[in-house]
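Overview (structure and organization)
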Number of protein chains: 2
Amino acid sequence: MKRVTIVEVGARDGLQNEQKALSTGTRLEFARRLAECGVRQLELGAFVSPQWVPQMADSGPLIAEALALQAAGRFPRDVEISALVPNPRGMEDAIRTGVSSVAVFGSASESFSRRNINCSVDESFERFAVVMRMAKANKMKVRGYLSMCFGCPFEGEVPETRVVKLAKRMAALGVYEISIGDTIGVADPKQVKNLVAKLIKAVGARKLAMHFHDTRGTALANVLASLELGVRTFDSSLGGLGGCPYAPAATGNVATEDVVYMLHRMGFRTGLDIEKLISLNHWMTAEIGHELPSRLGRAGTPKAKAPAKR
Amino acid sequence: MKRVTIVEVGARDGLQNEQKALSTGTRLEFARRLAECGVRQLELGAFVSPQWVPQMADSGPLIAEALALQAAGRFPRDVEISALVPNPRGMEDAIRTGVSSVAVFGSASESFSRRNINCSVDESFERFAVVMRMAKANKMKVRGYLSMCFGCPFEGEVPETRVVKLAKRMAALGVYEISIGDTIGVADPKQVKNLVAKLIKAVGARKLAMHFHDTRGTALANVLASLELGVRTFDSSLGGLGGCPYAPAATGNVATEDVVYMLHRMGFRTGLDIEKLISLNHWMTAEIGHELPSRLGRAGTPKAKAPAKR
């Protein structure tokens, strides 16, 4: 399979970890530009408390507006817009916008679950079950995030068996895809291969997405390790938008353009346009007010006479 | 084989591509601190014209001083100090310092050879042959660099067959190791595997070192691809010191601490101390006057309770 799906999370995971909160209008323009780059899986907001996450405020109106533009043919219809819903309360808000795809967010670390989503892992799965029922009643797709799968800032190492068990449990709930997160960017390719091999056995490669942060530079190596085992879906963030709350000076999500550069050179197709992604990086740099960590955003594609391979 | 050799090139390839030229005293202190981090393969200078490369001026006195300290037991004796020699004239200077290990620098691209070292590839090999004879007469080891092996800023793609032919030619000259360079940081892991497989057939894995630049973020993925085929020697630069002259805003050599982080986590031994490398990154940041591109230098090792695996 030479086709890879990129799930663009810059407008959610990226922006929610930036100091500066962008206006709803700028976030909509960002979505429009991402779609122009070829993004077709677009997580656009989160139905979380604006008190805790001001960067995601007005995700309801934003998503409703994007969906309205889509219905009017003024935003590409084949872009799947989705939103994060932390709980049934957020799901109610999501349903009101008419969005047809949502994501739930769990953790492989008990301590992180309690600190980040204020409940135990078991309690979070009870909430997911309610969300799943609401989704079914409204014919919505649900994606599952499993965070801290390679290490936790509070617990240290996270046992593989726990990650595999929770991935199975998410699959049993009926999510269409499970995004396995290296939330603090500690994973190495050997660890990735070990875990991914077990996850493929447990839930199948087609249900897996890998979500790497480039905090310690290993993200593309971890993408490669996953590719070699058959994973074909990756989360990434335009420009590497979004920092790491557990290492303030460090970078967060792997940059979409860096992933796409490597994939295209290796002969994979993503449907994304790398030159447009680089232009969008420069646009976002001006909007967010600081340079983005993407390597490609600074270097550009090679200036050689022969073009980069597709 | 779980042992990987790191050839630290920050004091040469790194510093020669920095705008600011450090004093000879600071360069010596850098060498001393690198040795304290566990570096045992240390390229310390280049016998090039100070008119063209002022950053490498006084490489002679610097290396002579380091060797004198080593003889006096005030610098670790098991550190192999080496220097780049572009031609027989530079080799004469190297011999005068008493250094026992040197490196010659060639290119897989005809255009780059003419522009960078002012001669054709064939002429450069004639010079290498003279240097090899001088080395033999003085019982010195010679390493060979082959640059632009994955792409050239003037020629675009560089044929694999040309790289393999030149690597064989270097091996036939008697170099103990050939460092295969992605000088402008364009390579992807598939390309790396294709070329490395052919190079291993041609000269053997033990004679190969891979020299990646992280200009487009793919360096660690390329290290991984090389590791998987059996390469066990990598060049890197503390902090990712040194930019890319062909993309001014971009980064150059892959950072030593980033490579070492990934290798240690994967269970390889390097003999380097990662916390000391990070401290040295911070020291060099102050000396050179700007932040270094290494990811690990900003993020640090994971703050989890359990330590990173060795």
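Residues numbered from 1 in each chain as written. Chains lettered and ligands numbered in written order. Predicted model: local features only at pLDDT ≥ 70, side-chain atom pairs only at ≥ 80, totals over all residues.

1. Side note on the overall build of chain A
Counting secondary structure elements, chain A contains 12 helices and eight strands. For 310 residues, the compact-globule estimate of 2.2 N^0.38 gives 19 Å, and the C-alpha radius of gyration of chain A, at 18 Å, lies within 12% of that figure. (Helix = DSSP H or I, 4+ residues; strand = E, 2+ residues; numbered from the N terminus. Rg over C-alpha atoms; globule rule 2.2 N^0.38 Å.)

2. Focus: the sheet that holds strand β5 (residues 141-147) of chain A
All names here are of chain A. Taken in spatial order, the eight strands close into a barrel running β1-β2-β3-β4-β5-β6-β7-β8, and their pairing is parallel. Taken pair by pair, the neighbouring strands of this sheet meet at an average axis angle of 25 degrees, ignoring direction. Running at roughly 170 degrees to β5, helix α7 (residues 160-173) makes contact with β4 (101-107), β5 and β6 (177-182) of the sheet. Along the sheet, helix α10 (residues 256-265) contacts β1 (5-8) and β8 (233-236); its crossing angle with β1, the most-contacted strand, is approximately 175 degrees. (Pairing = 2+ DSSP bridges. Axes fitted to C-alpha atoms, helices over the stretch in contact; angles between N-to-C directions. Contact = placed C-beta atoms within 7 Å.)

3. As for the pairing of strand β6 (residues 177-182) of chain B
All names here are of chain B. Across the six residues of β6, six count as buried, placing the element largely inside the fold. Of the two faces of β6, both are covered, the one formed by E177, S179 and G181 as well as the one formed by I178, I180 and D182. Pairing between strand β5 (residues 141-147) and β6: four bridges, direction parallel. Looking across to β6, one finds that Y145 is bridged to S179. Of the crossover connections in this fold, the one passing from β5 over helix α7 (residues 160-173) to the parallel β6 is right-handed. Here β6 pairs with strand β7 (residues 208-212) via five bridges, running parallel. If you follow I178 over to β7, its bridge partner there is L208. (Buried ≥ 20, exposed ≤ 12 C-beta atoms within 10 Å, placed from the backbone. Right-handed = clockwise from strand over helix to strand, strands pointing away.)

4. Considerations on the interface of chain A and chain B
Tallying the contact residues gives 43 residues for chain A and 43 residues for chain B. Looking at side-chain class alone, the side of chain A that touches chain B contains 21 nonpolar, 10 polar and 12 charged residues. (Nonpolar A, V, L, I, M, F, W, Y, C, P; charged D, E, K, R; others polar.)

5. What about the packing of helix α2 (residues 24-37) of chain B against helix α3 (residues 59-71) of chain B?
All names here are of chain B. Closest axis-to-axis distance for the α2/α3 pair is 10 Å, and the angle between their directions is 40 degrees. Comparing the axis directions of α2 and α3 gives the class oblique. The two elements α2 and α3 cross, and the hand of that crossing is right-handed. When α2 is examined against α3, the residues T24, R27, L28 and A31 are found in contact with a partner set consisting of P61, L62, E65 and A66. A per-class count over the contact of α2 with α3 returns five nonpolar, one polar and two charged. (Parallel < 35°, antiparallel > 145°, perpendicular 65-115°, else oblique. Left-handed = near helix turned anticlockwise from the far one by under 90°.)

6. Re the sheet that holds strand β8 (residues 233-236) of chain B
The strand order around the closed barrel built from eight strands is β1-β2-β3-β4-β5-β6-β7-β8 (chain B), with neighbouring strands paired in parallel fashion. Taken pair by pair, the neighbouring strands of this sheet meet at an average axis angle of 25 degrees, ignoring direction.

7. Remarks on the relation of the copies chain A and chain B
Least-squares fitting of chain A to chain B yields an RMSD of 0.0 Å, with the superposition described by an axial translation of 0.0 Å and a rotation of 180 degrees. Both chain copies can therefore be described as sitting about a two-fold axis. Distance from the rotation axis, computed per C-alpha, reaches its smallest value in chain A at A:A221: 1.9 Å. Comparing contact sets, 100% of the residues at the interface of chain A also lie at the interface in chain B, consistent with an isologous, same-surface contact. (Least-squares fit on C-alpha atoms with pLDDT ≥ 70 in both.)

8. Some thoughts on the environment of A:I6
All names here are of chain A. Residue placement: I6 occurs in strand β1. The exposure class of I6 is buried, given the 23 C-beta atoms found within 10 Å. Linking I6 and T233, residues 227 residues apart in sequence, is a C-alpha distance of 5.9 Å. With residues near it in sequence (within four places) discarded, I6 still touches Q41, F234, S236, T256, V259, V260, T270 and L272.

9. A look at the environment of A:A286
Residue and element names in this part refer to chain A. Mapping A286 onto the fold places it in helix α11 (residues 274-288). Given 8 C-beta atoms within 10 Å, A286 falls into the exposed group. Between the alpha carbons of A286 and A187 there is a distance of 31 Å; along the sequence they are 99 residues apart.

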